[in-house]
Amino acid sequence: MTSLNNSGLQKTVAVIGGGPAGLMAAEVLAAGGMQVHVYDAMPSVGRKFLLAGKGGMNLTHSEAYDDFLSRYGARRPQIAPLLDQFSPDALRAWVHALGIDTFIGSSGRVFPADMKAAPLLRAWLHRLRQAGVGFHMRHRWLGWNEAGTLSFDTPQGPLTVDADSVVLALGGGSWARLGSDAKWVPLLTQREVPVAPLRPANCGFEAGWSDYFREHFAGHHLKSVAITFNEGEQPALRKQGEFVITADGVEGSLIYALSAGLRDRIAANGSALIHLDLLPDWSLRRVTDEVARPRGARSWSSHLQSRLGLKGVKTSLLRELVPAADFGQPLLLAQAIKALPLTLLAARPIDEAISSAGGVRFEGMDPGLMLKALPGVFCAGEMLDWEAPTGGYLLSACLASGRAAGNGVLSWLR
């Protein structure tokens with residue numbers, strides 16, 4: 001077994017996890033004069049970061065700061081102090097300092113000028129290496145040995161590492177193939193670190209389609225629709241956008257925006273009911289008037305396409321969810337078009353989710369993100385107990401928490 005010890009005067013910090021949170025912690029620590037080593041189980045760092053950026057690297061959001069903070073829900077009180085130290089504007093300035101220009105899209109989301117994640121990551125890693133950060137790939141963390149030193153499984157065999165402080169940035173439970181496999185959970189809970197159960201976030205849901213609908217419409221997009229979801233005591237939520245029909249149910253940006261409430265409702269009641277507005281820009285009266293017009297020898301599909309512009313997957317979704325008898329009742333059919341009930345039966349598995357909820361509870365850490373049960377060990381990123389929708393909120397909080405953990409280590413060591 002190989003052992004690495006810190007015997008010099010310079011303090012050594014081990015950062016375990018090479019995602020955005022870990023890399024940001026490493027940057028802060030190197031700038032603070034620490035000897036920094038980043039360990040990751042994968043062959044290269046930032047794999048989830050790169051995959052998330054394949055469709056356009058969404059860095060953050062340009063909306064009003066108070067609205068931005070509201071996206072973190074019940075964990076706003078814990079996330080806000082982190083973002084106060086590394087705001088969306090500060091994040092953009094940091095990206096610009098890497099030589100990457102940004103722009104604000106029509107939705108308010110912020111992207112690199114070329115929409116790509118790879119150039120940003122390359123520039124960042126170059127700067128980190130110039131600052132003296134060491135990288136150790138294919139090093140899977142196994143916890144601590146009996147002597148209290150870090151233990152790793154590496155291609156060269158077992159390795160122990162002695163560090164003055166540790167930053168854990170191991171991700172949540174989604175996309176295990178990219179490194180976020182949640183194998184850290186038992187390593188911390190057995191040391192009395194409080195961890196909330198991991199659950200899927202920004203995920204798809206199962207809907208129990210018929211075989212015909214699944215075979216013919218899986219992969220089809222529903223555009224220009226709205227979803228209304230009543231969360232109980234809270235006012236009903238209504239959001240407009242688009243989503244995708246899958247073989248199992250539904251997924252996509254509009255579904256992700258409501259996924260936390262849907263997931264929790266299913267956990268409590270066994271299912272969740274949403275209502276789809278297939279013509280969100282039309283009034284019920286207008287839809288009713290058009291549906292009630294004589295259709296002659298035309299089929300219902302032709303009639304709805306001619307009078308309302310409904311066709312394809314929207315018309316088939318009506319057939320899937322509306323009783324056949326209701327097609328002969330203009331008011332009932334119009335009501336279905338404006339508020340089509342769809343019952344969601346289960347969240348898709350966490351490994352398919354974009355992100356995860358749950359993780360290390362903030363109550364088990366001090367304001368600098370150090371674990372109360374393990375002095376000198378800090379946590380950052382998605383392994384913390386918070387969640388947020390897509391739109392730049394996930395990356396913003398991961399980077400801000402990595403920065404906070406890095407500063408927490410500096411304060412603790414000094």
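1. Observations concerning the overall build of the protein chain
Line of reasoning, step 1. The number of helices and strands found in the protein chain is 14 helices and 21 strands.
Line of reasoning, step 2. Projected onto its principal axes, the C-alpha coordinates of the protein chain cover approximately 90 × 40 × 40 Å.
Line of reasoning, step 3. Split by element, the accessible area of the protein chain, about 18,300 Å² in all, is 50% carbon and sulfur.
Line of reasoning, step 4. The positive charge centre, built from 40 side chains, and the negative charge centre, built from 37, are 6 Å apart in the protein chain.

2. Focus: the packing of aromatic side chains
Line of reasoning, step 1. The final tally for this structure, using the stated rule, is 12 aromatic pairs.
Line of reasoning, step 2. Plain terms: the ring middles of Phe-86 and Trp-94 are 6.4 Å apart, the flat faces sit at 80° to each other, and that makes the pair edge-to-face.
Line of reasoning, step 3. Among the aromatic residues, those joined into a ring-pair cluster are Phe-68, Tyr-72, Trp-386 and Tyr-393.
Line of reasoning, step 4. The ring of Trp-175 has Lys-48 sitting right over it, with the charged end atom 5.5 Å from the ring centre.
Line of reasoning, step 5. For Arg-129, the ring lying beneath its charged end belongs to Phe-135, and the centroid distance is 5.0 Å.

3. Quick look at helix 4 (residues 76-85)
Line of reasoning, step 1. Inspection of helix 4 places Ile-79, Ala-80, Leu-82 and Leu-83 among the buried residues, and these make up the whole buried set.
Line of reasoning, step 2. In this structure, the buried residues of helix 4 make contact with helix 3 (65-70) and helix 14 (393-413).

4. Structural notes on the packing of helix 1 (residues 20-31) against helix 14
Line of reasoning, step 1. At their nearest, the axes of helix 1 and helix 14 sit 7 Å apart, and the two run at 35° to each other. The two elements helix 1 and helix 14 meet at a crossing, and its hand is right-handed. Only Leu-395, Cys-398, Leu-399, Ser-401, Gly-402, Arg-403, Gly-406, Asn-407, Val-409 and Leu-410 of helix 14 make contact with helix 1, whose side of the interface consists of Pro-20, Ala-21, Met-24, Ala-25, Val-28 and Leu-29.
Line of reasoning, step 2. Looking at the contact of helix 1 with helix 14, its residues break down into 11 nonpolar, 4 polar and 1 charged.

Cut-offs applied
- Residues numbered from 1 in each chain as written.
- Predicted model: local features only at pLDDT ≥ 70, side-chain atom pairs only at ≥ 80, totals over all residues.
- Heavy atoms only, no water.
- Helix = DSSP H or I, 4+ residues; strand = E, 2+ residues; numbered from the N terminus.
- Areas by Shrake-Rupley, 256 points an atom, 1.4 Å probe, with all protein chains shown as cover.
- Lys, Arg positive; Asp, Glu negative; His and termini not counted.
- Charge placed at Lys NZ, Arg CZ, Asp CG, Glu CD.
- Phe/Tyr/Trp six-rings, centres within 6.5 Å; stacked < 30°, edge-to-face > 60°.
- Lys NZ or Arg CZ within 6 Å of the ring centre and 35° of its normal.
- Buried < 20%, exposed > 50% of the residue type's maximum accessible area, 1.4 Å probe, protein only.
- Contact = heavy atoms within 4.5 Å.
- Axes fitted to C-alpha atoms, helices over the stretch in contact; angles between N-to-C directions.
- Left-handed = near helix turned anticlockwise from the far one by under 90°.
- Nonpolar A, V, L, I, M, F, W, Y, C, P; charged D, E, K, R; others polar.

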